Amino acid sequence: MGSQEPHKQSGLRGFFRRLTAGQAELEADELQQDLDRHGATPIVSCGMRRRFCVTGTLRTVTLRPRGGAPALEAELYDGSDVIDLIWLGRRKIAGIEPGRLVLAEGLVSVQDGRKVMFNPRYELRPAGGA
């Protein structure tokens, strides 16, 4: 019986590794289902110079001046890719904070190899699925 203990432990370790990886996959799947509910386009499918509606979770929110003027930047993740939402001339927007679910619509372009949407129309969604 003693020879089975190491196998059992490695099996548990493997289970917890799969469980952890599974959480990230579950989050991505949940965000993908959200796309369908709101008629949004997966960020990975958004092309340049076209208007799109995207939805997902804000990962980061940063105040980063552009050309001497304030600019609020937020990274939106939808389970497929990320896009930077940038509001020019804004230092803060109530409700735009990490972890918040957001629906955004605007023209997609690429800057420094990243997809961006300047001054998007947005809708704050209830946090935590409430």
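In this text, all values refer to a predicted model and were calculated from it rather than measured experimentally.

### Topic: the overall build of the protein
Consideration 1: For the protein, the count of helices and strands is one helix and six strands.
Consideration 2: When its helices and strands are written in sequence order, the protein yields α-β-β-β-β-β-β.
Consideration 3: Burial status across the protein gives 36% buried among its 130 residues.
Consideration 4: A sequence separation of at least 24 residues applies to 52% of the contacts in the protein between residues at least 6 apart.
Consideration 5: Surface accessibility of the protein: about 8200 Å² in total, with carbon and sulfur atoms responsible for 52%.

### A word on the nonpolar core
Consideration 1: Counting 17 residues, the largest nonpolar core has Val54, Leu76, Ile83, Leu85 and Ile96 as its most contacted members.
Consideration 2: Elements with a minimum of two residues in this core: strand E1 (50-63), strand E2 (71-77), strand E3 (82-88) and strand E4 (101-111).
Consideration 3: Non-local contacts of Ile96, meaning those with residues more than four positions away in its chain, are made with Leu58, Val61, Leu72, Ala74, Trp87, Val102, Tyr122 and Leu124.

### Here's the deal with the pattern of salt bridges
Consideration 1: The tally for this structure, following the rule as stated, stands at seven salt bridges.
Consideration 2: As a salt-bridge pair, Arg51 and Glu105 come within 3.9 Å of each other at their nearest N and O atoms. Within this pair, whereas Arg51 is found in strand E1, its partner Glu105 is found in strand E4, the two being separated by 54 residues in sequence.
Consideration 3: Taking the relative accessible area as the measure of exposure, Glu105 reaches 32% and is therefore partly exposed.
Consideration 4: Between Glu75 and Arg114 there is a salt bridge, with its nearest N and O atoms 2.8 Å apart. Highlighted residues: Glu75 in strand E2 and Arg114 in strand E5 (residues 114-118), separated in sequence by 39 residues.
Consideration 5: The class of Glu75 is buried, set by a relative accessible area of 15%.
Consideration 6: Three or more residues joined by partner-sharing salt bridges are found here, namely Arg59, Glu75, Asp84 and Arg114.

Basis of the calculations
Residues numbered from 1 in each chain as written. Predicted model: local features only at pLDDT ≥ 70, side-chain atom pairs only at ≥ 80, totals over all residues. Heavy atoms only, no water. Helix = DSSP H or I, 4+ residues; strand = E, 2+ residues; numbered from the N terminus. Buried < 20%, exposed > 50% of the residue type's maximum accessible area, 1.4 Å probe, protein only. Contact = heavy atoms within 4.5 Å. Areas by Shrake-Rupley, 256 points an atom, 1.4 Å probe, with all protein chains shown as cover. Core = buried A, V, L, I, M, F, W, Y, C linked by side-chain atoms within 4.5 Å. Salt bridge = Lys/Arg side-chain N within 4 Å of Asp/Glu carboxyl O.

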